[in-house]
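Per-entry structural report
As a plain string of letters, each chain reads:
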Amino acid sequence: MQQNQLMKQTAIFAALFAVAAMAVIIYYSANKVVVVNDVAQDEVVHSMGTAKQEKTPENIREKNRIVFDSNSQKTNCFCIPLHSSVTAENVTIENHYMDKELWISIQQKRKDDVNEEFYRSNGVYGNRDAVIDGYFENGEETFWLKFQLNDIYEYSSIFENNNLYIEFMTPKEVYDKIVIIDPAYGDDVSGFITLAIARNLKQKLDETDIKVYYTRMSDTNPTDESRVNLANAARADMLIRIEVGEEDDGKVFGTEAVYNSHFFIPEFGSVELADLLEREVVTAISGKANGLIESTKDDTVINWAEVPAATIRVGYVSNAQEAILLSHEDYIQKIADGIYQAIMKAYEE
């Protein structure tokens, strides 16, 4: 008897679930509501490879400025009307968080003036508290809408009746765990090494529930200010800077960690982070530990951080033997694994 009753209850729940699921499907189908593709800056790839974007000249921004329609209907979302020829499959949202910009890309088979003409006569509307300005660019196969934001944001989006609705949120409203990875330098040998480590580390961290922001994922060299502003604006749990050392004395070698001596919080702070980084990286590469070093005035990025921050200096390119090791992919992977383990243990503690 009890078993029959249980089977009846199970059947009822299954039926209710099916009805509810069907209702959702019917609702979204009737209202043509879909979520569009979106990518973060560290995942943006264009025809030239991982994105390395040039700044749009101010005269083009001014000429193609998007109108903000304050007289249109009110909504809590930021609303972007799209031409009737645009489908959700053609649209991708790119979060260029280092530049505090949101890009909307619309794929087109060839350069087409339809979208350009559309935005010369149609404006965006709704809640623009996060949006400072906007302009468009008409490329060969992609039409761009680019919006300047007043801070670093995450967002949710819905494509409905050829309108793209965007709701902006702070990173902390979306993610419980936030880490900033800062591959130091730029388009030089040392920059190639730190970038290679960051890319290997990204592959590992992408499999976790941690939201990771990268100060760069291409051959760029962001300013120290923009690097640390990312960590502070995101209210990250930690900032990890990756460096290599260089000395006149070619005999100097080993791994060391530099901690922010100007910012202190109880329990887990910059010193604890630096200690974890050095221990785990040295273990991963079976290398020499040089110890923890207090930051100096030259350690701008971690000194300005308002979150636990440390630099892991993974070796010296001025040392012939370490320079060779730092050029090997398997050694780079071991360094990345050490940093990964340090991050995992930091959250355990």
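Below, the structure is looked at part by part.

Rules of the game
- Residue numbers here run from 1 along each chain, matching the order of that chain's written sequence.
- Thresholds applied to this predicted model are a pLDDT of at least 70 for local features of residues and 80 or more for the giving and counting of side-chain atom pairs; totals over whole chains, interfaces and linings are not thresholded and use all residues.
- Excluding hydrogens and water, the side-chain figures rest on all heavy atoms present in the structure.
- Buried, partly exposed and exposed residues are distinguished by accessible area as a fraction of the type maximum, computed with a 1.4 Å probe on protein chains only: under 20%, between the cut-offs, and over 50%, respectively.
- Under the scheme used here, helices are H or I runs from DSSP no shorter than 4 residues and strands are E runs no shorter than 2 residues, and both carry numbers assigned from the N terminus.
- Strand pairing requires that DSSP identify at least two bridges connecting the strands.
- When the strands point away from the viewer, a crossover counts as right-handed if the route from the first strand across the helix to the second turns clockwise.
- Definition used in this section: a nonpolar core is a set of buried Ala, Val, Leu, Ile, Met, Phe, Trp, Tyr and Cys residues joined via side-chain atoms within 4.5 Å.
- By definition in these notes, contact holds between two residues if any of their heavy atoms fall within 4.5 Å.
- In this description, the arc belongs to the directions extending from the helix axis to the C-beta atoms.
- To obtain each axis, a line is fitted to C-alpha atoms, and for helices this fit is confined to the stretch in contact; angles are then taken between N-to-C directions over 0 to 180 degrees.
- Salt bridges are defined by distance alone: a side-chain nitrogen of Lys or Arg within 4 Å of a carboxyl oxygen of Asp or Glu.

Now for the pairing of strand β14 (residues 211–214). Consecutive residues of a regular strand have side chains that alternate between opposite faces of the sheet. Going residue by residue along β14, you find Lys211 and Tyr213 tucked away on one face and Val212 and Tyr214 tucked away on the opposite face as well. Pairing analysis gives 4 bridges linking strand β13 (residues 178–183) to β14, with the strands arranged parallel. Of the residues in β14, the one forming a bridge with Ile181 is Tyr214. Each parallel crossover has a hand, and for β13 linked through helix α5 (residues 189–205) to β14 it is right-handed.

Ile181, Ile197, Ile240, Ile312, Ile335, Ile339 and Ile343 are the most contacted members of the largest nonpolar core, which totals 56 residues. When residues no more than four places from it in sequence are discounted, the contact partners of Ile335 are Ile197, Val281, Ile285, Val314 and Leu326. Val91, Leu102, Ile104 and Phe159 belong to the second largest nonpolar core, which has 27 residues in total.

On to helix α3 (residues 114–121). Listing the buried residues of α3 in full gives Asn115, Phe118 and Tyr119. For α3, the angular spread of the buried residues around the axis is 90°, confining them to a single face. The exposed residues of α3 that point more than 90 degrees off its buried face are Glu117 and Ser121. Where the residues of α3 are buried, they touch β5 (78–81), β7 (101–107), β9 (131–138) and β10 (142–149).

Pairing is mixed across the open sheet formed by 6 strands, whose spatial order is β14-β13-β15-β18-β16-β17. Each end of this open sheet is capped by a strand with a single partner; those strands are β14 and β17 (289–294). Looking at each pair of strands side by side, their axes are set apart by 20° on average, direction ignored. Running at roughly 140° to strand β15 (residues 238–245), α5 makes contact with β13, β14, β15 and β18 (309–316) of the sheet. Contacting β13, β14 and β15, helix α6 (residues 224–234) crosses the sheet at an angle of about 180° to β13.

Now for the pairing of β7. When you tally the buried positions in β7, you get 6 out of 7 residues, the bulk of the element. Bridge analysis of strand β6 (residues 91–96) against β7 gives 6 bridges, and the strand direction is antiparallel. Paired with Ile93 across the strands is Ile104, a residue of β7. Linking two consecutive strands that pair antiparallel, namely β6 and β7, is a turn of 4 residues; a positive phi of about 55° is found at Lys100 within it. Across 7 bridges, β7 lies against β10 in antiparallel orientation. Bridge pairing in β10 places Leu102 opposite Phe147.

Another point: the pattern of salt bridges. Across all of its chains, the model carries 18 salt bridges by this definition. The partner of Lys177 in a salt bridge is Asp209, and the shortest N-O contact between them spans 3.4 Å. Taken as a pair, Lys177 in the loop between α4 (171–174) and β13 and Asp209 in the loop between α5 and β14 lie far apart in primary sequence, 32 residues in all. Arg227 serves as the salt-bridge partner of Asp182, at 2.5 Å between the closest nitrogen and oxygen. Here Arg227 lies in helix α6 and Asp182 lies in strand β13, a separation of 45 residues in the sequence. When sorted by exposure, Asp182 lands in the same class as Arg227, which is buried. Several salt bridges share partner residues, and in doing so they unite Asp182, Arg227, Arg241, Glu243, Glu256, Asp299 and Arg313 into one network.

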